[in-house]
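# Structural overview for review
Spelled out from the first residue to the last, the chains are:
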Amino acid sequence: MIKTYFVDAFTHQPFKGNPAAVCLPERDLEADTMQQIAMEIGFSETAFIKPLAAGTYSIRFFTPKKEIPLCGHATLAASKIIFETTTLQEIVFINCEAVRLPIGKADNKIVMQFPVYETAALEVPNALLDALGIDAPINTRYSTKNKIILIEIQHAAVLAGLAPDFVALVQSYTDINGVLVTAQGNTADVDFHYRYFWPWAGTNEDPVTGGVQTFLTKYWAEKLHKNKLNAFQSSLRTGSMTTELINNQVLIYGEAVTLFEGIFKIDTGL
């Protein structure tokens, strides 16, 4: 049996933000078993965590389609559960690539420390832009580490109204994980908006995505000449976070709400 939680991440309201499952197996599971559990749950991400030492945990992330090395909202969800069920105030996650992810608290929020990855210029084919419904992008770049295309467009309202043709989108490009579309904020309380489409690796659209801040925060920090930014993901569920660029690290400040606690009744060999 596997203790399991459902958590809405990057929100303080139930049924907003991005839902993630957090599983705490009593023993090691095969990757195939974790993948089947993630498929059964159907959320964009399911995190599997296990203690390694005092305050240190391994963490693995599975979409309904594949394992990925890093996920922001599932890390936030897992942090929420550990902070709720232990007396710890600081923890460290170690992902499948041995990257350390220190987690703490500040300003009544959970603070995650993620690495920063570079982007490079990329020419995006018209077929991909057409599938997204984008006419004239301001900038297009590529995060090699994340295998994600970044597209900046002019207006946040246009971004919110995008209705991609996902069949055409998948056919327009291969060997990527997703496409991140972003626009500068149009209000004093939001620096940038974004949406993340990833039918190649997960679901059609991720409601609120923290992992993209490994490159998106630096992109906007350099463009807006400020290191602390407020981000809004204009998906149907919506979600928000504050990010801060410090040298080669990005701090991601977020909230989360625990909605469900239960047991996965499968044979784990115990």
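Scroll up to find the structure this text is about.
Residues numbered from 1 in each chain as written. Predicted model: local features only at pLDDT ≥ 70, side-chain atom pairs only at ≥ 80, totals over all residues. Heavy atoms only, no water.

### Section: the environment of L24
Among the structural elements, L24 can be located in strand β2 (residues 18-24). L24 sits in the partly exposed class, given a relative accessible area of 27%. With 26 residues separating them in the primary sequence, L24 and K50 have C-alpha atoms 6.3 Å apart. Beyond its immediate chain neighbours, meaning those up to four positions away, L24 contacts I2, K3, Y5, I49 and I81. (Helix = DSSP H or I, 4+ residues; strand = E, 2+ residues; numbered from the N terminus. Buried < 20%, exposed > 50% of the residue type's maximum accessible area, 1.4 Å probe, protein only. Contact = heavy atoms within 4.5 Å.)

### Some details on the layout of surface pockets
Gaps left between atoms are located by rolling a probe of water-molecule size over the structure's atoms. Within this model, the largest pocket holds a volume of roughly 340 Å³. In terms of lining, the largest pocket is formed by 25 residues, of which the most central are I68, P69, L70, N146 and I148. In the lining of the largest pocket, the residues fall into 12 nonpolar, 8 polar and 5 charged. Taken as a whole, the second largest pocket spans an internal volume of roughly 240 Å³. Residue lining of the second largest pocket: 18 residues in total, with F10, G239, S240, M241 and E255 positioned closest to the centre. At the level of secondary structure, the elements contributing two or more residues to the lining of the second largest pocket comprise β15 (228-233), β16 (239-246) and β17 (249-254). Per-element accounting of the lining of the second largest pocket gives the leading share, 4 residues, to β16. The class makeup of the residues in the lining of the second largest pocket is 6 nonpolar, 9 polar and 3 charged. (1 Å grid on protein atoms, 1.4 Å probe; cavity = no way out; pocket = protein on both sides within 12 Å on 5 of 7 lines; lining within 4 Å. Points joined across faces, edges and corners; volume = space filled by probe spheres on them. Nonpolar A, V, L, I, M, F, W, Y, C, P; charged D, E, K, R; others polar.)

### Notes on the packing of aromatic side chains
Taken as a whole and assessed by the stated rule, the structure comprises 9 aromatic pairs. Their ring planes at 5 degrees and their centres at 5.9 Å tell us that F192 and W220 sit as a pair that is stacked. One end of the pair, F192, is in strand β13 (residues 190-197); the other, W220, is in helix α6 (residues 213-224), and 28 residues separate them in sequence. Site record: aromatic cluster; members linked through ring pairs are F192, Y194, Y219 and W220. The ring of F83 has K105 sitting right over it, with the charged end atom 4.6 Å from the ring centre. (Phe/Tyr/Trp six-rings, centres within 6.5 Å; stacked < 30°, edge-to-face > 60°. Lys NZ or Arg CZ within 6 Å of the ring centre and 35° of its normal.)

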